Amino acid sequence: MTTDPIVTSGRTEYTVLCDGTGGCGQRHRHTSPGIRTAPCGATYTVPDSAETGADTS
């Protein structure tokens, strides 16, 4: 799974490409890192920006 942090309205959201086991191939948005279940039913871990080293500024 690839995760891209984005900043919207002063908060960080995470877009995740749902391409793992049981994934639907779409991008899902989450407002916090951790283990999440996508609308399609796939479950995955969304890493935070500190873990990925991504720049959210």
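Scroll up to find the structure.
Conventions adopted
Residues numbered from 1 in each chain as written. Predicted model: local features only at pLDDT ≥ 70, side-chain atom pairs only at ≥ 80, totals over all residues. Heavy atoms only, no water. Salt bridge = Lys/Arg side-chain N within 4 Å of Asp/Glu carboxyl O. Helix = DSSP H or I, 4+ residues; strand = E, 2+ residues; numbered from the N terminus. Buried < 20%, exposed > 50% of the residue type's maximum accessible area, 1.4 Å probe, protein only. Contact = heavy atoms within 4.5 Å.

(A) The pattern of salt bridges, seen in detail. On inspection of all chains with the given rule, the structure shows one salt bridge. The salt bridge partner of Glu13 is Arg29, with a shortest N-O separation of 2.4 Å. Note that Glu13 is positioned in strand E2 (residues 11-17) and Arg29 in strand E3 (residues 27-30), a separation of 16 residues in sequence. Overall, Glu13 belongs to the buried group, its relative accessible area being 6%.

(B) Summary view of the environment of Pro33. With respect to the helices, strands and loops of the structure, Pro33 is situated in the loop between E3 and strand E4 (34-37). For Pro33, a relative accessible area of 31% puts it in the partly exposed group. A sequence separation of 14 residues divides Pro33 from Pro47, and the C-alpha atoms of the two residues are 5.3 Å apart. What Pro33 contacts, discounting residues up to four positions off in sequence, is Tyr14, Val46, Pro47 and Asp48.

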